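Breakdown of the fold
Each chain, written out:
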Amino acid sequence: MSETKDEKKDVTTPVIICIGMAGSGKTTFMQRLNSYLHTQKQIPYVLNLDPAVLKIPYRPNIDIRDSIKYKKVMEEYNLGPNGAIVTSLNLFSTKIDQVLKLIEKKQDKIKNVIIDTPGQIECFIWSASGAIITESFASQFPTIIAYIVDTPRNTNPTTFMSNMLYACSILYKTKLPMIVVFNKTDVKNCEFAKEWMTDFEIFQEAIKKNQEEEGEQGSGYMNSLINSMSLMLEEFYSSLDVVGVSSYTGQGFDEFMNAVDNKIDEYNDYYKTERERILKQKELDEKKRKAKSLNKLMKDMDMKDKNADVLSDYEESEDDELQGEVLRDEEQVEREYTFPEDRQNELGTDEDLQKRYQQAFEQSAKPASSKTAESIANYIKGSQ
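Rules and cut-offs
Residues numbered from 1 in each chain as written. Predicted model: local features only at pLDDT ≥ 70, side-chain atom pairs only at ≥ 80, totals over all residues. Heavy atoms only, no water. Helix = DSSP H or I, 4+ residues; strand = E, 2+ residues; numbered from the N terminus. Expected span 1.5 Å × (residues − 1). Buried < 20%, exposed > 50% of the residue type's maximum accessible area, 1.4 Å probe, protein only. Polar contact = N/O pair within 3.5 Å; in protein donor to acceptor, adjacent residues only side chain to side chain. Axes fitted to C-alpha atoms, helices over the stretch in contact; angles between N-to-C directions. Parallel < 35°, antiparallel > 145°, perpendicular 65-115°, else oblique. Contact = heavy atoms within 4.5 Å. Nonpolar A, V, L, I, M, F, W, Y, C, P; charged D, E, K, R; others polar. Patch = residues over 30% accessible without salt bridge, like charges linked within 9 Å, V, L, I, M, F, W, Y side chains within 5 Å. Areas by Shrake-Rupley, 256 points an atom, 1.4 Å probe, with all protein chains shown as cover. Salt bridge = Lys/Arg side-chain N within 4 Å of Asp/Glu carboxyl O. Pairing = 2+ DSSP bridges. Right-handed = clockwise from strand over helix to strand, strands pointing away. Phe/Tyr/Trp six-rings, centres within 6.5 Å; stacked < 30°, edge-to-face > 60°. Lys NZ or Arg CZ within 6 Å of the ring centre and 35° of its normal. pLDDT = per-residue confidence, 0-100. Lys, Arg positive; Asp, Glu negative; His and termini not counted. Charge placed at Lys NZ, Arg CZ, Asp CG, Glu CD.

Here we come to helix 9 (residues 157–174). Along its 18 residues, helix 9 runs 26 Å from first to last C-alpha, staying within 8% of the 26 Å computed at 1.5 Å per residue. The complete set of buried residues in helix 9 reads Pro 157, Phe 160, Met 161, Asn 163, Met 164, Ala 167, Cys 168, Ile 170, Leu 171 and Thr 174. Two to three positions downstream of the cap, the backbone nitrogen of Thr 158 sits 2.9 Å from a side-chain oxygen, assigning the N-cap of helix 9 to Asn 156. Positive backbone phi, at 55°, marks Lys 175, one or two positions downstream of helix 9.

If you want it as structure tokens, here you go:
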């Protein structure tokens, strides 16, 4: 029984974040993936993060519309459609810790977490709330980006290249494993796209053919730009898993889930270790910053500890030189506070100081006369 409990603890629930352009069939993909996982007896935990959608063909466990009203956000904050989506996501991200706790409680019963995002892709990816949500999930669960592509609309090489550049930017922004999902393969087969991603010459021929069909003369700026970008994206293509699915017929979802399993291993081998390294580096930097501020505080308070690495007033630090801070001149001494009659005269040798201390001690031992008391009172009045 103990072995089974340990195995359950070791099981990590993968998180699949579905991202795609408006009209790419992202919500239909979510519905088909949800039904597929139920048929495989792998019950998922479903989240809807699109506050502006009216109807969805699946039943989410957590729906942003239950806690945040999109139209009220527009009215109260006087925002447009995209601004209201960003604001709604910002409000939802403040409760992301509660969402993670709910998923952790259900981790023994669920096998996957699937998340639907807004069709306005820039509202999620390039906003602070989107970064908070993705990083929060990635810090606790193997998180994978499923980038949904509308296959029929990408038969044009220019459109295809712009879509791949957007996918590349998402990959480097989120720094998470990505699967490119060519949707709607029942309308158009995605083999042409796979060939374009693996063979540069075939992609060049497609560009020339497209120019001939549209009646364009010569290569032009766009032709050279697309060719250079396709060469640049070769390394990007090598790190991707490409899958063709049909959200209408359900084809290709077995291949998609196999790709998810491969990306979980990639997450554990590369992304998790890199994330842990970054967190450790942040902790070290924070410790150094605290030690540096403590040293500066002790220096300002003239507190010197033999065991502490505290700079004196006469030592120049590297940070002070770099930041251009002006230190005291070496010829200056610390500020001295003396009595009025001593301010005009410099202090003499140690013997003179000893004599003055002795005279002051002898005078203090004698009873004070009335003249002395009057002079003290006059001095106090004059100083006030």
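From this point, the narrative continues.
The next thing to look at is the packing of helix 2 (residues 26–39) against helix 14 (residues 253–300). Close contact between helix 2 and helix 14 brings their axes to 11 Å; oriented N to C, the two are set at 85°. Judged by the inter-axis angle, helix 2 sits roughly perpendicular to helix 14. Here helix 2 contributes Phe 29, Arg 32, Leu 33, Tyr 36 and Leu 37 to the contact with helix 14, which in turn contributes Phe 253, Asp 254, Phe 256 and Met 257. Broken down by class, the residue content of the contact of helix 2 with helix 14 amounts to seven nonpolar, no polar and two charged.

On the surface, a cluster of nonpolar side chains totalling about 300 Å² of accessible area is made up of Leu 294, Leu 297 and Met 301. What makes Leu 297 partly exposed here is its relative accessible area of 46%.

Here we have seven strands laid out as an open sheet, ordered 3-2-4-1-5-6-7, and parallel in their pairing. Looking at strand neighbours, the two that pair on one side only are strand 3 (62–63) and strand 7 (241–244), the edges of this open sheet. Note that strand 1 (residues 15–20) and strand 4 (residues 112–116) share four bridges and pair parallel. By the bridge assignment, Ile 16 is partnered in strand 4 with Ile 114.

A few words on the pairing of strand 6 (residues 178–183). Most of strand 6 is tucked away: six of the six residues are buried. Residues Met 178, Val 180 and Phe 182 point to one face of strand 6 and Ile 179, Val 181 and Asn 183 to the other, with burial holding for every one of them. Bridge count for strand 5 (residues 143–150) against strand 6 is six bridges, and the pairing is parallel. Looking at the pairing, Ile 145 lines up with Met 178 of strand 6. Taking the sense of rotation as the criterion, the β-α-β connection linking strand 5, helix 9 and strand 6 turns out right-handed. Taken together, the four bridges between strand 6 and strand 7 define a ladder with parallel strand orientation. Pairing of Ile 179 across the sheet is with Asp 241, part of strand 7.

This part is about the pattern of salt bridges. The final tally for this structure, using the stated rule, is six salt bridges. Across the salt bridge formed by Asp 150 and Arg 153, the nearest N and O atoms sit 3.2 Å from each other. With a shortest N-O distance of 4.0 Å, Glu 191 and Lys 194 are connected by a salt bridge. Here the residue Glu 191 and the residue Lys 194 both occupy positions in helix 10 (residues 191–198), the gap between them amounting to three residues, near one helical turn. When salt bridges that share partners are traced, they join Asp 150, Arg 153 and Lys 184 into one network.

Glancing now at the packing of helix 4 (residues 70–77) against helix 5 (residues 81–93). The geometry of helix 4 relative to helix 5 is characterised by a closest axis approach of 9 Å and an angle of 105° between their N-to-C directions. When the axes of helix 4 and helix 5 are compared, the pair comes out roughly perpendicular. Contact residues: Tyr 70, Val 73, Met 74 and Tyr 77 in helix 4; Pro 81, Ala 84, Ile 85, Thr 87, Ser 88 and Leu 91 in helix 5. Here the contact of helix 4 with helix 5 is built from residues that sort into eight nonpolar, two polar and no charged.

Okay, the packing of aromatic side chains next. Counted under the stated rule, the structure contains eight aromatic pairs. Relative to Phe 256, the ring of Phe 29 lies with its centre 5.3 Å away and its plane at 90°, an arrangement referred to as edge-to-face. Here Phe 29, found in helix 2, pairs with Phe 256, found in helix 14; they are 227 residues apart in sequence, far enough to count as distant. Taking the centre distance of 5.6 Å and the plane angle of 70° together, the rings of Trp 196 and Phe 203 count as edge-to-face. Across the pair, exposure class does not vary: Trp 196 and Phe 203 are buried alike. Taken together, the ring pairs in this structure connect Phe 29, Tyr 36, Phe 253 and Phe 256 into an aromatic cluster. In this arrangement the basic side chain of Lys 188 is found over the ring face of Phe 192, its NZ or CZ atom lying 5.5 Å from the centre.

Right, let's get into the confidence of the model for the chain. Per-residue pLDDT for the chain averages 80, and the proportion of residues at 70 or more is 74%. Contacts for the low-pLDDT stretch residues 1–11, under 50 throughout, to residues beyond four places or in other chains number one contact. In the model, residues 310–344 has pLDDT below 50 throughout and makes 30 contacts with residues more than four positions away in sequence or in other chains.

Okay, a negative patch on the surface next. On the surface, a cluster of negative charge is contributed by Glu 195, Asp 199, Glu 201 and Glu 205. Residue placement: Glu 201 occurs in helix 11 (residues 200–214). The exposure class of Glu 201 is exposed, given its relative accessible area of 56%.

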